[in-house]
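Spelled out, the chains give:
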Amino acid sequence: GAVVSQHPSRVICKSGTSVKIECRSLDFQATTMFWYRQFPKQSLMLMATSNEGSKATYEQGVEKDKFLINHASLTLSTLTVTSAHPEDSSFYICSALGAGETQYFGPGTRLLVL
Amino acid sequence: AQSVTQPDIHITVSEGASLELRCNYSYGATPYLFWYVQSPGQGLQLLLKYFSGDTLVQGIKGFEAEFKRSQSSFNLRKPSVHWSDAAEYFCAVGWGGGADGLTFGKGTHLIIQP
């Protein structure tokens, strides 16, 4: 139980285009999901908290107009990287809040912006 | 500032030997404490967590961790490691509770020697 999926697992795009990443909780409902970013050989940094049916809460320094988050249902949150640039290349990981106040993580999405 | 410290970037242990991975946090109150493992190509997997109660916590795969309030530590231990334990280990803290975004340490890369 408590499985979280992400799609796609990796994506390559051209500079200036937008990319959408999906995060799904497969066997439980999650009113709250989180988006993290992980740079190579570094830790995970929280980007934003996504609550179903309401606006996301962004961490300091994260541009909400660049990283659009939509949590339209209890099992799906999406992160759209708008007008992507090479510095946005990273590993994006989502988590979903499950039972026992525990976050369950997706496998991550590797984004490469050329 | 609230922070999580994993002082060991790399640790090398012989197969069958015992293991201890260190984690310290800076905060006045007792936060929610987690240990996750990240294997290549896989998402973060929860090993164990501590919210309250017994300070020695048992987790999956034979891991345990001990919360020591006086030292602000939550060290992870395993009495006998297996080659399959080679991975990246992250200590994480939920400052406002389990439902908040997590603050991660930088991770410890565990190498198992035959």
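Our structure is the block above this text.
Here we summarise the structure given alongside this text. (Residues numbered from 1 in each chain as written. Chains lettered and ligands numbered in written order. Predicted model: local features only at pLDDT ≥ 70, side-chain atom pairs only at ≥ 80, totals over all residues. Heavy atoms only, no water.)

Here we come to unusual backbone geometry. Here the bond from His7(A) into Pro8(A) is cis, since omega is 0°, no more than 30 degrees from zero. Structurally, the position occupied by Pro8(A) is in the loop between strand S1 (4–7) and strand S2 (10–13). Phi is positive for Lys61(B), close to 60°, though the residue is something other than glycine. Within the secondary structure, Lys61(B) is located in the loop between strand S7 (56–58) and strand S8 (64–68). For Lys61(B), a relative accessible area of 46% corresponds to the partly exposed category. (Helix = DSSP H or I, 4+ residues; strand = E, 2+ residues; numbered from the N terminus. Buried < 20%, exposed > 50% of the residue type's maximum accessible area, 1.4 Å probe, protein only.)

Residue and element names in this part refer to chain A. The four strands are arranged S1-S3-S8-S7 in an open sheet whose pairing can be described as antiparallel. Across the chains shown, the open sheet's two edge strands, defined by having one partner strand only, are S1 and strand S7 (67–73). Sheet twist, expressed as the average angle between the axes of neighbouring strands with direction ignored, equals 15°. As paired strands, S1 and strand S3 (residues 19–25) are joined by four bridges and run antiparallel to one another. Residue pairing for S3: Val 4 is matched across the bridge by Ser 25. (Pairing = 2+ DSSP bridges. Axes fitted to C-alpha atoms, helices over the stretch in contact; angles between N-to-C directions.)

So, about the pattern of salt bridges. Residue and element names in this part refer to chain B. By the definition in use, this model includes six salt bridges over all chains. The closest approach of N and O atoms between Asp 8 and Arg 22, which form a salt bridge, is 3.0 Å. With Asp 8 in the loop between strand S1 (3–5) and strand S2 (10–14) and Arg 22 in the loop between strand S3 (19–21) and strand S4 (24–26), the pair connects residues that are 14 residues apart, well separated along the chain. Asp 8 gets classed as buried once you look at its relative accessible area, which sits at 17%. With a closest N to O distance of 3.2 Å, Glu 64 and Arg 77 form a salt bridge. Highlighted residues: Glu 64 in strand S8 and Arg 77 in strand S9 (residues 73–78), separated in sequence by 13 residues. Three or more residues joined by partner-sharing salt bridges are found here, namely Glu 64, Glu 66 and Arg 77. (Salt bridge = Lys/Arg side-chain N within 4 Å of Asp/Glu carboxyl O.)

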